[in-house]
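Analysis of the macromolecular model
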Amino acid sequence: MTSVFDTLTQRGFIQQTSHEDELKELLGKESVTFYIGFDPTADSLHIGHYVVLMAMAHMQRAGHKPIALIGGGTTMVGDPSGRTDMRQMLTKEEIQKNAERFKDQISSLIDFSDDKAIMVNNADWLLDLNYIDFLRDIGSQFSVNRMLTAECFKSRMERGLTFIEFNYMLMQSYDFLVLNREYGAVLQMGGDDQWANILAGADLIRRKEHRSAFALTCSLLTTSEGIKMGKTQKGALWLDANKTSPYEFYQYWRNVNDADVKRCMMLLTFLPVEQIEEMCSHNDHRINDAKRLMAFELTKQVHGEEEALKAQQAAESLFGGAKDADSIPSTEINMEQYQQNQRIIDIMALCALTKSKGEARRLVTQGGVSIDEEKITDPEMVVQEDSLKKGILIKKGKKTFHRVVLK
RNA sequence: GGAGAGGUUCCCGAGUGGCUAAAGGGAGCAGACUGUAAAUCUGCCGUCUUCGACUUCGGUGGUUCGAAUCCACCCCUCUCCA
């Protein structure tokens, strides 16, 4: 068995590990059961989760056994790590619903057949915990003094930290302990913002079970300037096609900075390291080939080959000149809507191309909008009914295309 | 529980009676330049039926011709003390 540790290092996944030498040796000699937790705080995973999922996939491919933990219980508490304010409290029903979506999304990258991976939900053991028992058994193992020195609480020490959130670390540590006892999990992985929580869990196992346990965190997906990636104007870059369309998803990666391509390819695709090195060695327009490949591969991984091809074709045709009507984001409007929104600015606002009619008006005035490749300048322009029936292609700026059809 | 400080447009942050839809910065959007990149420069950046109107400065009332700015009460946050 080749050590996946080298692979992960080579591709730039590893940010921090505990007991590095010991862990490296272990991963090289036997199949290790490890876990990663995902708190269902939204109804879809986003690209930030994806880096960690990739790490999980690499591990699985190397013969180790992943446990995907859905934080149905921990989400009831809310992780304060890296947050400047308290998370919104979600209801049990919302959490449950989100958890279901997570399961589907994780399954697309991780093979759960034949018990090759397990999925668990910490709600199963956290929700019915007895407070006093828990405090005596687990709480007694934690030093508040030490917890307070953790980096993840720093920002909160200035702004305020509630007791419920302060308990999060104990919950997560307890998860690790449970999984260690039940499934023999000896390694927990996660994003680097989870370092303190993960380490606390490993310590707990060592203390209570007198067994080795390891912590490993993955780099966060950041730009070369250290800014978090995966933000779009609509918020996060979601894995759910309904929240971020495959076309938008594709375009995001097609447009990343030169300086970030290599890192993204390493972390987010399975392309061979040598190939990535080679493709990203150019400083001129040839770097675009790398971006194109990355966008395609990643879209394929997340949305499937068919969607990836469609996104790619749409992009190539839109930017290449020939307009391929399919697979461009589009909106169908009905007669009633049309009667109330005949001007171009009304239609743009209706299709959410702009947040308001005022914004649409400004854009048109500034020359940022064209219809069927023809620049328009009059915001009061009325879109004719018969041309709308055939469908018009609105272009906002250089890269945003939207098709509108009257039904 | 006591004492102090504060809550401003997406974020940070000025503004202490009319000149304020509210400085400045960031983010974002657009134009130019390019490689569907970055950097840079320029414009925009509350809503609408846009040479005008309407809604905004924690909430509710009040003073005033006129309030983000003054008063009262309330809610919330932070700091120190208990």
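Thresholds applied
Residues numbered from 1 in each chain as written. Chains lettered and ligands numbered in written order. Predicted model: local features only at pLDDT ≥ 70, side-chain atom pairs only at ≥ 80, totals over all residues. Heavy atoms only, no water. Helix = DSSP H or I, 4+ residues; strand = E, 2+ residues; numbered from the N terminus. Buried < 20%, exposed > 50% of the residue type's maximum accessible area, 1.4 Å probe, protein only. Contact = heavy atoms within 4.5 Å. Areas by Shrake-Rupley, 256 points an atom, 1.4 Å probe, with all protein chains shown as cover. Pairing = 2+ DSSP bridges. Axes fitted to C-alpha atoms, helices over the stretch in contact; angles between N-to-C directions. Near = heavy atom within 4 Å. Polar contact = N/O pair within 3.5 Å; in protein donor to acceptor, adjacent residues only side chain to side chain. Nonpolar A, V, L, I, M, F, W, Y, C, P; charged D, E, K, R; others polar. Core = buried A, V, L, I, M, F, W, Y, C linked by side-chain atoms within 4.5 Å. Patch = residues over 30% accessible without salt bridge, like charges linked within 9 Å, V, L, I, M, F, W, Y side chains within 5 Å. Salt bridge = Lys/Arg side-chain N within 4 Å of Asp/Glu carboxyl O. pLDDT = per-residue confidence, 0-100.

We now examine the overall build of chain A. For chain A, the helix and strand inventory stands at 20 helices and 13 strands. Taken over the C-alpha atoms alone, chain A extends approximately 75 × 45 × 40 Å along its principal axes. Across the 407 residues in chain A, those meeting the buried criterion constitute 50%. Considering only intrachain contacts with a sequence separation of at least 6, the fraction spanning at least 24 residues in chain A is 72%. Carbon and sulfur atoms provide 47% of the accessible area of chain A, an area that totals close to 19,600 Å².

With that settled, consider the sheet that holds strand 3 (residues 65-70). Pairing within the open sheet is mixed, and its 6 strands lie in the order 1-6-5-2-3-4. Two strands lie at the open edges of the sheet, namely strand 1 (14-17) and strand 4 (118-121), each paired on one side alone. Recorded for the sheet is a direction-independent mean angle of 25 degrees between the axes of neighbouring strands. Each of strand 1, strand 5 (187-191) and strand 6 (214-218) touches helix 2 (residues 20-29); the most contacted strand, strand 6, lies at about 90 degrees to it. Of the strands in this sheet, strand 2 (33-38), strand 3, strand 5 and strand 6 touch helix 3 (residues 47-61), which is tilted by about 165 degrees from strand 2.

Another point: unusual backbone geometry. Look at aspartate 115: it is not a glycine, yet its phi comes out positive at around 65 degrees. Considering the arrangement of structural elements, one finds aspartate 115 in the loop between helix 4 (92-107) and strand 4. Notably, histidine 210 is not glycine yet its phi reads approximately 55 degrees, a positive angle. One can find histidine 210 in the loop between helix 11 (195-209) and strand 6.

Time to look at the environment of lysine 407. Along the polypeptide, lysine 407 turns up in the segment after strand 13 (400-406). For lysine 407, a relative accessible area of 66% puts it in the exposed group. Residues lysine 407 and leucine 388 lie 19 residues apart in sequence; the distance between their C-alpha atoms is 8.8 Å. Among residues more than four places away in sequence, those in contact with lysine 407 are Glu332, Ile333, Asn334 and Met335.

Close to RNA strand B lie 32 residues, the nearest being Gln251, Asn255, Asp258, Ile287 and Lys399. Expressed as a percentage, the sugar and phosphate content of the atoms of RNA strand B within 4 Å of the protein is 65%. Here a phosphate oxygen of RNA strand B sits 3.4 Å away from a polar atom, N or O, in the side chain of arginine 343. Lysine 399 is positioned such that a nitrogen or oxygen atom in its side chain is 2.9 Å from a phosphate oxygen of RNA strand B. Mapped onto the surface near RNA strand B, the elements with two or more residues apiece are helix 8 (151-159), helix 12 (246-254), helix 15 (287-303), helix 16 (305-320) and helix 19 (357-365). Grouping the amino acids of the surface near RNA strand B by side-chain chemistry returns 6 nonpolar, 13 polar and 13 charged.

Moving on, we get to the nonpolar core. Within the largest apolar cluster, 73 residues are counted, with the highest numbers of intra-cluster contacts made by Tyr50, Met189, Trp253 and Leu268. Among the elements that line this core, the one with the most residues is helix 3, at 10 residues. Excluding residues that lie within four positions of it along the chain, tryptophan 253 makes contacts with Ile47, Leu221, Met229, Leu237, Cys264, Leu268, Lys291, Met294, Ala295 and Leu298.

Let us look at a nonpolar patch on the surface. The grouping of Tyr131, Ile132, Leu135 and Phe163 at the surface amounts to a nonpolar patch, some 430 Å² of accessible area in total. The leading source of residues in the nonpolar patch is helix 6 (residues 131-137), at 3 residues. Position of tyrosine 131 relative to the elements: it lies in helix 6.

If pLDDT is low for a region, its predicted coordinates should not be looked at in detail. The pLDDT averaged across chain A works out to 88; a share of 91% of its residues lies at or above 70. With a pTM of 0.85, the predicted complex shows an ipTM of 0.83.

One pass over the structure, following the stated rule, counts 22 salt bridges. Here arginine 292 makes a salt bridge to glutamate 316, at a shortest N to O gap of 3.5 Å. One end of the pair, arginine 292, is in helix 15; the other, glutamate 316, is in helix 16, with 24 residues separating them in the sequence. Take glutamate 316: its relative accessible area is 38%, and that puts it in the partly exposed class. What you see here is one network of salt bridges that share partners, running through Arg343, Asp346, Lys357, Arg361 and Glu380.

Examined against the element boundaries, leucine 293 turns out to sit in helix 15. Residue classification places leucine 293 among the partly exposed residues on the basis of a relative accessible area of 21%. Put simply, leucine 293 and valine 144 are 149 residues apart on the chain and 49 Å apart in space, counted from C-alpha to C-alpha. Leucine 293 has contacts with Met265, Leu271, Gln275 and Met279, leaving out every residue within four places of it along the chain.

Turning next to the pairing of strand 12 (residues 392-396). In terms of burial, strand 12 is largely enclosed, as 5 of its 5 residues are buried. Relative to strand 12, strand 10 (residues 369-371) is paired through 3 bridges, and the arrangement is antiparallel. Residue pairing in the sheet places isoleucine 371 in a bridge with isoleucine 394 of strand 12. Relative to strand 13, strand 12 is paired through 5 bridges, and the arrangement is antiparallel. In the sheet register, lysine 395 faces strand 13, and the bridge partner there is phenylalanine 401. Hairpin connection from strand 12 to strand 13: 3 residues lie between these consecutive antiparallel strands, with glycine 397 at a positive phi of about 65 degrees.

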